[in-house]
Amino acid sequence: MTLPCRADHIGSLLRPKKLREAFRTLQGEALRAVQDEAIREVVRLQRDCGLEVLTDGEFRRISYWEKFVRLTQGLEVKEAVFTFHDAEGHESKFTAPYVSGKVSRSGPITLDELGFGNNKITMPAPSTMHFYRFTDWGSAYDSAEVFFRDLGKVYQAEIADLAKAGCKYVQIDEVAVAILCDPAAREKVKAKGGDPDKLVDLYIDAINQAVKGRPKGVAVGVHVCRGNYKGMYLSEGGYDSVAEKFFSRTDVDHFLLEFDTPRAGGFAPLRFVPKGKGVVLGLVSSKTSELETIDSLKQRADQAARYTENLAISPQCGFASTMGGNPVTEADERAKLKLCVDAARAIWG
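Residues numbered from 1 in each chain as written. Predicted model: local features only at pLDDT ≥ 70, side-chain atom pairs only at ≥ 80, totals over all residues. Heavy atoms only, no water.

Draft legend 1. Looking closely at the environment of V279. Inspection of the secondary structure assignment puts V279 in strand β7 (residues 278–284). Judged by its relative accessible area of 0%, V279 falls in the buried class. Residues V279 and L256, 23 residues apart in the sequence, show an inter-C-alpha distance of 5.9 Å. If sequence neighbours within four positions are ignored, V279 has contacts with L3, F255, L257, L270, V273, T308, N310, L311 and A312. (Helix = DSSP H or I, 4+ residues; strand = E, 2+ residues; numbered from the N terminus. Buried < 20%, exposed > 50% of the residue type's maximum accessible area, 1.4 Å probe, protein only. Contact = heavy atoms within 4.5 Å.)

Draft legend 2. Quick look at the environment of I109. The topology assignment puts I109 in the loop between β2 (91–105) and β3 (120–124). Looking at I109, the relative accessible area reads 1%, which means it is buried. Measuring from C-alpha to C-alpha, the distance between I109 and T322 comes to 18 Å, with 213 residues separating the pair along the chain. Once residues lying within four places of it in the same chain are set aside, the contact partners of I109 are K67, F68, L71, T72, V154 and E158.

Draft legend 3. Inspection of the pattern of salt bridges at higher detail. The final tally for this structure, using the stated rule, is 28 salt bridges. In this structure, K67 engages E113 in a salt bridge whose closest nitrogen and oxygen atoms are separated by 3.0 Å. Taken as a pair, K67 in helix α3 (residues 66–70) and E113 in the loop between β2 and β3 lie far apart in primary sequence, 46 residues in all. By relative accessible area, E113 is classed as buried at 1%. (Salt bridge = Lys/Arg side-chain N within 4 Å of Asp/Glu carboxyl O.)

Draft legend 4. Structural view of the packing of aromatic side chains. Counted according to the given criterion, the structure contains 13 aromatic pairs. Between F131 and Y132, the ring centres sit 6.2 Å apart and the planes meet at 55 degrees, which makes this aromatic pair tilted. The exposure class assigned to F131 is buried, which follows from its relative accessible area of 0%. For Y132, a relative accessible area of 4% corresponds to the buried category. On the numbers, 5.9 Å between centres and 15 degrees between planes, the contact of F131 with F134 is stacked. Judged by relative accessible area, F134 falls into the buried class, the value being 11%. The aromatic ring of Y141 is capped on one face by K102, whose charged end is 4.1 Å from the ring centroid. Geometry around Y239 places R226 over its ring, the cationic atom sitting 4.4 Å from the centre. (Phe/Tyr/Trp six-rings, centres within 6.5 Å; stacked < 30°, edge-to-face > 60°. Lys NZ or Arg CZ within 6 Å of the ring centre and 35° of its normal.)

Draft legend 5. Region of interest: the sheet that holds β3. Spatial strand order, β3-β4-β5-β6-β7-β8: six strands in an open sheet with parallel pairing. Bordering the open sheet on either side are β3 and β8 (311–315), each of which pairs with just one other strand. This sheet shows a mean twist of 25 degrees between the axes of neighbouring strands, independent of strand direction. With six bridges connecting them, strand β4 (residues 169–174) and strand β5 (residues 219–224) associate as parallel partners. Across the sheet, the residue bridging to Y169 is A219, located in β5. Of the strands in this sheet, β3 and β4 are in contact with helix α4 (residues 144–164), which crosses β3 at around 170 degrees. This element, helix α10 (residues 330–348), spans β7 and β8 of the sheet and lies at about 160 degrees to β8. (Pairing = 2+ DSSP bridges. Axes fitted to C-alpha atoms, helices over the stretch in contact; angles between N-to-C directions.)

Given below as structure tokens:
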């Protein structure tokens, strides 16, 4: 098996109340001290659940991409052109990165998230800095291709430093490609003058540029998610329209994919995953408190195994891609993380 483990998780975990309050009231070393304590506690939580892959919960970030944007030269924040929504039709606007100048890395971005016994670091995909404002993503570059070459150097340097510090697992969080599977989102892109298929190609190339030349011994996985904000999502639809090119052309070791609800589509697109690459099945929902059963997860894993063989299991997304988190409790989170471990042992031994 080439996957880091059979039971994985996506990275972000519920911020405890004391950490949320610290972000509002503290700064500097005082904030860092609260973060350090909370990270130690959440690493223990993961170990107690039996997980081998451990993150810092993204506890040094306000959102999954906020810190990357804050610490990268040439990026700022504006309102996005998309909205989050739920099954009842409720919507919520959000902000997104904007390219205000030439991008560069002035120093480490995620390096301070290591050092607590955790072994996995997550980063937003390059498309995050472009897609949410693709009609007006910035004027500092003549083309998106040139922009992504510069941005790729930021990732390359960051991954190299992470490897030197002992990190063995880097996860890239890709949302744009999943949105571009949604017929409604594709029509919205077309209506604004964009070409969905060309954007998918652009974002595949951007990921490949970001992980180019990565050190040996560092596993890179891409998490392909439909958005995650207080139980809401950005898109729906299976991976069918992008599967062949995305799975065959993206130069990573494995894919972490969302399959928790019918809106995520079926497993047939997994037939395009190249032999030797892994798939982490996101079968457990991080958006609701309802706990899946081991029998149902085993049944679905068996269905996925008809199309590809190198499999693991995880929640479909993180529990708190932003500070507010999803509408679940820490007890729910703990139960779902432990379920992934127990299900993996029941399915694969």
